[in-house]
Amino acid sequence: MTLIIWATAALFYALFWLWYARPRRKLTPQEADDFLAWATSQGVEPERARGLRDFFAKDDGRDFVMVNLITLKKPVRESSAKLAAYQKVFLGQLLRKAGHPVMTALRSGANVEHINCDQNSDWAAMGAIRYRSRRDLLEILPATFGSGHHQLKLDAMASTIAFPASNWFIAGGPKVVVALAILLLACAAELLI
């Protein structure tokens, strides 16, 4: 029975790893060019579209985080509700592709430092969202740009900056937490049998 328990635990973790952590096929330069043509046809600002195209063209097949700095429009409560409605739809799509928030935080004080930038850029919140791959982002964007839920985001934000960050690290992320949960369940099963 012990062998069955641990083999099942290993199988569950392997399935989780295949969904969550496995590298995806890298985007080709042609796919990046196709995205640029699509984004341009959708009215995405040329500089933004080219920046995304370059990001996709340099795909390494690995996960990354999108760092977001946000200031909400006033009244903040109404904007927060709109942003929450947007996130419900967007994060639902993202979770199916093993993406998720890594960290979110609300501003709790004045700017501590500002070097060669506008000291009045009072970002109200920040978030870091994990994407399994650039391919996942490429697949999500066409369903987002111009959609009703994307408009909720635009209506909620007074200003925002979002940029991708690679070679990121988080202690105790889902790979570790799921492994520990499966280990705990396997140990409990062995004790009960």
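Just so it is clear, the model here is predicted, and its values are computed rather than measured.

(A) Focus on the environment of T160. By the element assignment, T160 lies in strand β4 (residues 157–165). Separated by 37 residues in the primary sequence, T160 and W123 place their C-alpha atoms 8.0 Å from one another. With near-sequence residues (within four places) excluded, T160 lies in contact with L69, I70 and W123. Within the structure, T160 has its side chain in polar contact with the backbone oxygen of L69 (distance 2.8 Å).

(B) Geometry of helix α4 (residues 76–96). Taking 1.5 Å of rise per residue, 21 residues should cover 30 Å, and α4 covers 30 Å from first to last C-alpha, within 8% of that figure. Inspection of α4 places S79, L83, Y86, F90, Q93 and L94 among the buried residues, and these make up the whole buried set. Its buried side turned inward, α4 meets β1 (64–72), β2 (100–106), β3 (125–131), α5 (134–144), α6 (148–156) and β4. Looking at the residues trailing α4, positive phi occurs at A98, about 65 degrees.

(C) Just helix α1 (residues 2–20), in detail. The end-to-end C-alpha separation of α1 is 27 Å, in line with the 27 Å expected for 19 residues at 1.5 Å each. Against β2, β3 and α7 (174–192) lie the buried residues of α1.

(D) Spatial organisation of the packing of aromatic side chains. In total, this model carries 11 aromatic pairs according to the counting rule given. Judged by centre distance (5.2 Å) and plane angle (15 degrees), the rings of F16 and Y20 are stacked. Of the two residues, F16 and Y20 are both situated in helix α1; the distance of four residues between them amounts to about one turn of the helix. Classification of F16 by relative accessible area gives buried; the value is 13%. Note that R130 overlies the ring of Y20, its terminal NZ or CZ placed 3.8 Å from the centroid.

Criteria and cut-off values
- Per chain, residues are indexed from 1 in the order of the written sequence.
- With the structure being a predicted model, the display of local features is reserved for residues of pLDDT at least 70 and the display and counting of side-chain atom pairs for 80 or more, all residues being used for whole-chain, interface and lining totals.
- To get the side-chain values, all heavy atoms of the structure are used, and hydrogens and water are removed first.
- Each helix corresponds to a stretch of at least 4 residues labelled H or I by DSSP, and each strand to a stretch of at least 2 residues labelled E; elements are numbered beginning at the N terminus.
- We call two residues in contact when some of their heavy atoms are within 4.5 Å.
- Under this definition, polar contacts are N or O atom pairs within 3.5 Å; protein pairs additionally need one hydrogen-donor-capable and one acceptor-capable atom, and for neighbouring residues in sequence, both atoms have to be side-chain atoms.
- The span expected for a helix works out to 1.5 Å for each residue beyond the first.
- Working definition: with a 1.4 Å probe on protein chains only, accessible area under 20% of the residue-type maximum means buried, over 50% means exposed, and in between means partly exposed.
- Classification of ring pairs uses Phe, Tyr and Trp, with its six-membered ring standing for Trp, and accepts pairs whose centres are within 6.5 Å; under 30 degrees between planes counts as stacked, over 60 as edge-to-face, and the remaining range as tilted.
- We call a charge positioned over a ring when the NZ of a Lys or the CZ of an Arg lies within 6 Å of the ring centre and within 35 degrees of the ring normal.

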